[in-house]
Amino acid sequence: MSTVITVPKMGTTDRGQFTVVSARHPWRWVAGTAVGAVVILLLVSAVSNPRFGWDKVALYFRDVAIVNGIGITLFLTVVCMAVGVGLGVVLAVMQLSANPVVKASASAYVTIFRGTPVLVQLLFWFNLSALYPEITFGIPGVSLDANQIITPLAAAILGLGLNEAAYMSEIVRAGIQSIDQGQGEAAGALGMSRIQTLTRVILPQAMRVIIPPTGNEFIGMLKMTSLVSVLAVPELLYSAQIIYSKNLQVVPLLLVASIWYIIVTTVFTVGQGYLERHFARGTSRSVPPTAAERLRKFFRVHSAQGTGKQDAGKQGSGKQRSGKGGQS
């Protein structure tokens, strides 16, 4: 809390002569009261409105179909992010290549997949059999039925994973370019190859730049998996849709899905904080605090302030007593 100190006359050495007054911030109280009032009104409205159907929310919160949908959602998130990160690193290296053909190919990939909506890409991969009924990969004697290979789950992984690779390539490229060129030159002077320099010198240092946006992409991917409901993949949202199409409890089931999304994203956000803290070691004098550490610091600081005020009051009363004793 900010404080105002009244300085006594020159030549005074007694600390008891200093008057410490806490600075007042009335507009902070006004803003906090207004925001708190709005939040309370919204909570009261949500709780008192029977149309929300909170009893139905509690009933279907742990439904078997919802829990299975969460599992498929997490599976899609992890697999699609693995595809996106792996291919994104390759595309980032290709964009930084001195070969103009390789660089142009990677740039074209990024332009196409970033320039088209994700939903369009999902529908395109789902209907790939209309273009290629048989997939041969150009190998004689190989003929695969596209309808059997491109299942709704496979189309979802292709659509989300390949789209994510375009965004991850830009994140990885920015992380690589944030490292000083002298690091690569020093590694080359030691006889390290370009691959060794990239994997052992450049990428480990670039992780502190890559991790934060990658964590955001991971959380975004978790929510983006709801788009595959148009492909009838039984993830979280589609599972809720199946239930409310039978019992017509639309709002309660949407609330169930929303609450689960919030819970999972919160858990991943906490994990992202610990991961950022791990890769920040050695780059700054103090690593970013975790949520638990910030909470402990908040209570410790405020309790210390209270103790300090009490100690100051005790010291002041002690000085007054000693002064009276000296006068007597």
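The structure reproduced in this document is the subject of the present report. If you're wondering where the values come from, they're calculated on a predicted model, not measured in any experiment.

1. Regarding the packing of helix H7 (residues 152–177) against helix H9 (residues 194–224)
Orientation of H7 relative to H9, taken along the N-to-C sense of each, is 140 degrees, at an axis distance of 8 Å. Taken together, H7 and H9 sit at an angle that is classed as oblique. Once H7 is placed against H9, the crossing between them reads as right-handed. Across the interface between the two elements, Leu 160, Asn 163, Glu 164, Tyr 167, Met 168, Ile 171, Val 172, Gly 175 and Ile 176 of H7 pack against Leu 198, Ile 202, Leu 203, Ala 206, Val 209, Ile 210, Pro 213, Thr 214, Glu 217, Met 221 and Met 224 of H9. Looking at the contact of H7 with H9 residue by residue, the class counts come to 15 nonpolar, three polar and two charged.

2. A closer look at empty space enclosed by the protein
Within the structure shown, the criterion is met by one cavity of 30 Å³ or more. Roughly 40 Å³ of volume is contained in the largest cavity. Forming the walls of the largest cavity are Ile 70, Thr 73, Leu 74, Leu 222, Leu 236, Trp 260, Tyr 261 and Val 264. Contributing elements (two or more residues each) for the lining of the largest cavity: helix H3 (64–95) and helix H11 (250–279). Residue classes in the lining of the largest cavity are distributed as seven nonpolar, one polar and no charged.

3. Description of the side chain of Glu 170
As for its position among the elements, Glu 170 is in helix H7. At 3.2 Å, the side chain of Glu 170 forms a polar contact with the side chain of Gln 95. There is a polar contact of 2.6 Å between the side chain of Glu 170 and the side chain of Arg 173. Each residue touching Glu 170, except ones within four places of it in the same chain, is listed here: Gln 95, Val 110 and Arg 114.

4. Details of the pattern of salt bridges
Under the defined criterion, the tally for this structure stands at two salt bridges. Arg 114 is paired through a salt bridge with Glu 170; the nearest N and O atoms lie 3.9 Å apart. Of this pair, Arg 114 sits in helix H4 (residues 100–115) while Glu 170 sits in helix H7, placing them 56 residues apart in sequence. Looking at Arg 114, the relative accessible area reads 42%, which means it is partly exposed. Its salt-bridge partner being Glu 170, residue Arg 173 comes within 2.6 Å of it at the nearest N-O pair. Of the two residues, Arg 173 and Glu 170 both sit in helix H7, three residues apart, roughly one turn of that helix. What makes Arg 173 partly exposed here is its relative accessible area of 23%.

How each quantity is defined
- Residues numbered from 1 in each chain as written.
- Predicted model: local features only at pLDDT ≥ 70, side-chain atom pairs only at ≥ 80, totals over all residues.
- Heavy atoms only, no water.
- Axes fitted to C-alpha atoms, helices over the stretch in contact; angles between N-to-C directions.
- Helix = DSSP H or I, 4+ residues; strand = E, 2+ residues; numbered from the N terminus.
- Parallel < 35°, antiparallel > 145°, perpendicular 65-115°, else oblique.
- Left-handed = near helix turned anticlockwise from the far one by under 90°.
- Contact = heavy atoms within 4.5 Å.
- Nonpolar A, V, L, I, M, F, W, Y, C, P; charged D, E, K, R; others polar.
- 1 Å grid on protein atoms, 1.4 Å probe; cavity = no way out; pocket = protein on both sides within 12 Å on 5 of 7 lines; lining within 4 Å.
- Points joined across faces, edges and corners; volume = space filled by probe spheres on them.
- Polar contact = N/O pair within 3.5 Å; in protein donor to acceptor, adjacent residues only side chain to side chain.
- Salt bridge = Lys/Arg side-chain N within 4 Å of Asp/Glu carboxyl O.
- Buried < 20%, exposed > 50% of the residue type's maximum accessible area, 1.4 Å probe, protein only.

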